[in-house]
Amino acid sequence: MHLSVALWACGALLAVLLTWQQRKSWRLIWQLNGWRGVVQQPLLWILLCINLHPNSILEKVTQYRVYFQRPMAVLVGTRVLVYIDDPAGMECILNAPECLDKTFLQDGFFVRRGLLHARGQRWKLRRKQLNPAFSHNIVASFFGVFNSVGNQIIEQFLSQENLHGKAVKFTDAEDLLSRAVLEVSCLTIMGTPTNFTQIDDAHIAHSYKRLLEISAVRVVKPWLQIRLIHRILAPELYEESRKCCKLLADFVGEIVRTKHRNWQLRDAIGGEGPGEDSSSGWQRRIFIEQIFQLAANGEMTLEEIMHEAQSMVLVSFETVSNSIMLALLCLATNKGDCQRRLLAEIRAVVPDTGHVGLEQLQQMRYLDAFVSESLRLLATVPMNLRHVSRDFQLAGRDAIVPQNSIVVLDTFNMQRDERWWGPTAKQFDPQRFLDQEEHSKGQDSPGSGSGSGEPRRQRDRRHSYSFLPFSNGLRSCIGRRYGLFIMKVFLVKLISNFDFQSDFELEKLQFVENISLKFKNADDILLAIQPHKQSKESS
């Protein structure tokens with residue numbers, strides 16, 4: 001009798017303590033969604049539990065979000081998860097000092113010790129230290145590398161039988177582009193040639209991609225971040241991730257150690273000092289050389305250099321190669337005049353030598369619109385997560401987001417939302433960005449009424465944060481220019497040499513959230529890739 005009373009008392013005390021811990025979370029739920037927010041919590045918990053996997057979570061969020069009032073708050077233990085898919089909410093979160101850090105969920109990311117996942121003052125210091133490595137002048141000096149590797153891509157498409165013809169697998173083209181961009185990353189980030197465009201016997205590119213897929217699982221299932229639990233619940237996945245991590249750590253570690261020895265030797269024999277500005281080209285100003293200088297000043301250790309190098313190589317190649325592939329998919333499936341207009345612009349601007357420089361890219365307005373539209377329709381990084389370091393108020397709302405909340409920014413669905421992009425939001429139409437550019441200049445565009453199918457009033461009220469290809473605000477992408485330049489140079493090379501067609505329909509894509517956007521049905525996508533001379537003769 002006394003034992004049962006004691007158990008009831010303990011249970012009641014625990015319930016009171018839990019409710020007290022959750023009080024701010026419940027207050028936010030009420031402030032955002034009222035009684036509906038409170039009543040719908042069990043349903044939201046069920047939906048989260050049954051769709052807690054990268055293969056389904058993005059697709060299900062896209063399907064079910066329209067049935068709920070947004071922004072939306074979901075109670076998760078003693079925390080609250082805040083879902084935001086509108087530009088005003090994005091602007092508030094991305095510019096709030098309280099939301100600068102990544103969440104504990106992203107500790108599941110296999111590269112979590114560099115700038116990519118640094119927090120607080122440590123992130124601010126590291127970002128300040130690394131900003132010079134991605135300055136405009138340094139990135140502009142990489143165009144020789146971009147063009148050289150771009151030419152190698154063309155050679156591979158022409159020489160490999162599985163990369164040209166009427167039935168090229170999407171995954172085969174994706175593999176080549178990921179290896180090529182990885183080669184660019186190794187050259188421009190670490191100053192090391194790898195020849196990955198031709199061959200990758202060690203499967204370095206595949207290991208990076210596979211670890212991203214495993215990281216996505218560990219993000220949505222954070223209990224797998226505990227090594228023992230991961231090893232027990234998913235032993236095969238654990239063993240695969242361990243092998244891939246070792247392979248990539250050895251790969252980057254060997255490059256860093258070799259480059260560091262050479263850097264020290266150059267200084268010791270009285271060559272160009274490690275702190276001097278070199279006149280011998282971009283090799284002396286690249287990322288790895290600049291962080292060696294930080295190490296010489298006592299600001300970084302060799303281990304930290306390896307973490308930063310691993311982080312930079314990963315983000316600089318995976319997102320860029322994926323963006324290029326998504327743009328080509330949009331191009332191949334487009335039945336309008338997009339490809340013809342791109343080719344005409346390229347031939348009018350790019351010299352006969354085929355070298356694509358910064359000056360040429362600045363003249364290609366339609367290429368800019370094409371790239372922007374592909375990044376809008378198929379957001380390379382569909383969702384972003386932020387940790388709330390202390391209580392703050394959502395702009396324009398009487399809602400206080402409590403400390404330790406998790407904020408989910410759904411860029412993917414915001415950029416496809418008819419509220420911001422009109423009735424053609426889910427269609428691929430580069431003209432909308434040309435119309436917007438003309439409108440911003442205060443000029444009338446010939447196609448503004450019908451070219452993009454988008455009413456002028458829709459463009460008038462479009463929020464500046466409704467398009468976030470590289471995030472924005474306090475923690476925007478450090479390599480934005482770098483990624484865009486690679487993407488545009490490679491696209492110019494490919495479009496000027498090949499015709500891309502596909503009978504696949506974008507509406508049939510099955511989206512997967514693997515940190516970057518992937519497709520469950522990628523194996524079903526076939527591309528017709530024909531050299532221009534051949535395609536003309538056949539027509």
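Per chain, residue numbering runs from 1 following the sequence as it is written. Note on the predicted model: pLDDT of at least 70 is required for a residue's local features to be given, and 80 or more for side-chain atom pairs to be given and counted; whole-chain, interface and lining totals, by contrast, use all residues. Only heavy atoms go into the side-chain values, all of them from the structure, while hydrogens and water stay out.

Q: Honestly, helix α4 (residues 87–94) in this entry has me stumped. Any pointers?
A: Counting along an α-helix, one turn takes 3.6 residues, and residues three or four places apart therefore face a common direction. For α4, a buried count of six out of eight residues is recorded, marking the element as mostly surrounded by other parts of the structure. To sort residues, take the accessible area from a 1.4 Å probe on protein chains only and compare it with the maximum for the residue type: under 20% means buried, over 50% means exposed, and anything in between is partly exposed. The helix and strand labels rest on DSSP assignments: H or I over at least four residues marks a helix, E over at least two residues marks a strand, and numbering proceeds from the N terminus. Where α4 is concerned, the buried positions are Pro87, Gly89, Met90, Cys92, Ile93 and Leu94. Buried residues along α4 sit against β2 (79–84), β4 (383–387), β5 (392–393), β7 (406–410), α17 (411–414) and α18 (418–421). Between the side-chain oxygen of the N-cap and the backbone nitrogen of Ala88 there are 3.3 Å, and the N-cap of α4 in question is Asp86. The criterion used for residue contact is that any of the two residues' heavy atoms lie within 4.5 Å. What qualifies as a polar contact is a pair of N or O atoms within 3.5 Å, subject to a donor-acceptor requirement within protein and to the restriction that residues adjacent in sequence count only when both atoms come from side chains.

Q: What exactly am I supposed to notice about the nonpolar core here?
A: If you look at soluble globular proteins, the nonpolar side chains tend to sit buried side by side. Among the nonpolar cores identified, the biggest contains 163 residues, and Met190, Tyr208, Phe370, Phe490 and Phe519 are the most heavily contacted of them. In contact with Phe370, other than residues within four places in its own chain, are Ala327, Leu331, Cys338, Leu342, Phe428, Pro430, Leu491 and Ile495. The criterion is simple. A nonpolar core is a set of buried Ala, Val, Leu, Ile, Met, Phe, Trp, Tyr and Cys residues joined through side-chain atoms within 4.5 Å.

Q: For this particular structure, what's the right way to read the sheet that holds strand β3 (residues 165–169)?
A: Strand pairing in a sheet relies on backbone hydrogen bonds, with the paired strands running either antiparallel or parallel. Strands sit in the order β3-β11-β8 across an open sheet of three strands; the sheet is antiparallel. Only two strands of the sheet have a single neighbouring strand rather than two, namely β3 and β8 (498–501). Between one strand axis and the next, the sheet turns by 35° as a mean value, whatever way the strands run. Should DSSP find at least two bridges between two strands, the strands are taken to pair. Sheet topology note: the β8/strand β11 (residues 526–531) ladder contains four bridges and is antiparallel. The partner of Asp499 across the bridge, within β11, is Gln530. Axis lines are fitted through C-alpha atoms, for helices just across the contact stretch, and the angle between N-to-C directions can take any value from 0 to 180 degrees. Each of β8 and β11 is contacted by helix α13 (residues 302–333), which is oriented at about 75° to β8, the strand it contacts most.

Q: Even after reading the chapter, I still don't get the pairing of β11, so can you show me in this structure?
A: Side chains on a regular strand alternate between the two faces of the sheet. Most of β11 is tucked away, with five of its six residues classed as buried. Alignment of β3 against β11, held across three bridges, turns out to be antiparallel. Bridged to Val168 within β11 is Leu527.

Q: How should I be thinking about unusual backbone geometry in this particular structure?
A: Where the residue is not glycine, phi is negative for most of them; where a peptide bond is considered, it is trans in most cases. Residues Arg70 and Pro71 are joined by a peptide bond in cis, for which omega reads 0°. By secondary structure assignment, the location of Pro71 is in the loop between α3 (54–64) and β1 (72–76). Even without a glycine there, the phi angle at His203 is positive, about 60°. Mapped onto the elements, His203 comes out in the loop between α8 (170–190) and α9 (204–220). Backbone geometry places Ile515, a non-glycine residue, at a positive phi of 70°.

Q: Teacher, can you tell me more about the packing of α13 against helix α21 (residues 480–497) here?
A: Two quantities define a packed helix pair, namely the angle between the axes and the distance from one axis to the other. Orientation of α13 relative to α21, taken along the N-to-C sense of each, is 40°, at an axis distance of 10 Å. Here α13 lies oblique to α21, going by the angle between them. Once α13 is placed against α21, the crossing between them reads as right-handed. Contacts between α13 and α21 involve Ser316, Val320, Ser323, Ile324, Ala327, Leu328 and Leu331 on the former and, on the latter, Tyr482, Gly483, Ile486, Met487, Phe490, Leu491, Leu494 and Ile495. Throughout this entry, Asp, Glu, Lys and Arg are counted as charged residues, while Ala, Val, Leu, Ile, Met, Phe, Trp, Tyr, Cys and Pro are counted as nonpolar. The remaining residues, Gly among them, count as polar. Its residues assigned to classes, the contact of α13 with α21 shows twelve nonpolar, three polar and no charged. Should an angle fall under 35 degrees it is called roughly parallel, over 145 degrees roughly antiparallel, and 65 to 115 degrees roughly perpendicular, with every other angle called oblique. It is the rotation of the near helix from the far one that decides the hand of a crossing: anticlockwise by less than a right angle makes it left-handed, clockwise makes it right-handed.

Q: Help me understand empty space enclosed by the protein in this model?
A: A probe as big as a water molecule, rolled over the atoms, marks out the empty space that is left. Of the grid points, spaced at 1 Å and generated over the protein atoms alone, those admitting a 1.4 Å probe that cannot get out make up cavities, while open sets with protein on both sides within 12 Å along at least five of seven lines make up pockets; any residue with an atom within 4 Å of a point is treated as lining. Grid points are joined across faces, edges and corners, and a volume is the space filled by probe spheres set on the points. Considering all chains together, one arrives at two cavities of 30 Å³ or more under this definition. Volume-wise, the largest cavity comes out at about 40 Å³. Along its surface, the largest cavity is lined by Glu174, Leu177, Ser178, Lys209, Glu318, Ser321, Asn322, Met325 and Lys518. Every element with two or more residues in the lining of the largest cavity is listed here: α8 and α13. Sort the elements by how many residues they give to the lining of the largest cavity and α13 lands first, with four residues. When the residues that make up the lining of the largest cavity are grouped by side-chain class, the tally is two nonpolar, three polar and four charged. In this structure, the second largest cavity spans a volume of roughly 40 Å³. Looking at the lining of the second largest cavity, the elements that each hand over two or more residues are α9 and β10 (516–519).

The values are spatial; any link to function lies outside them.
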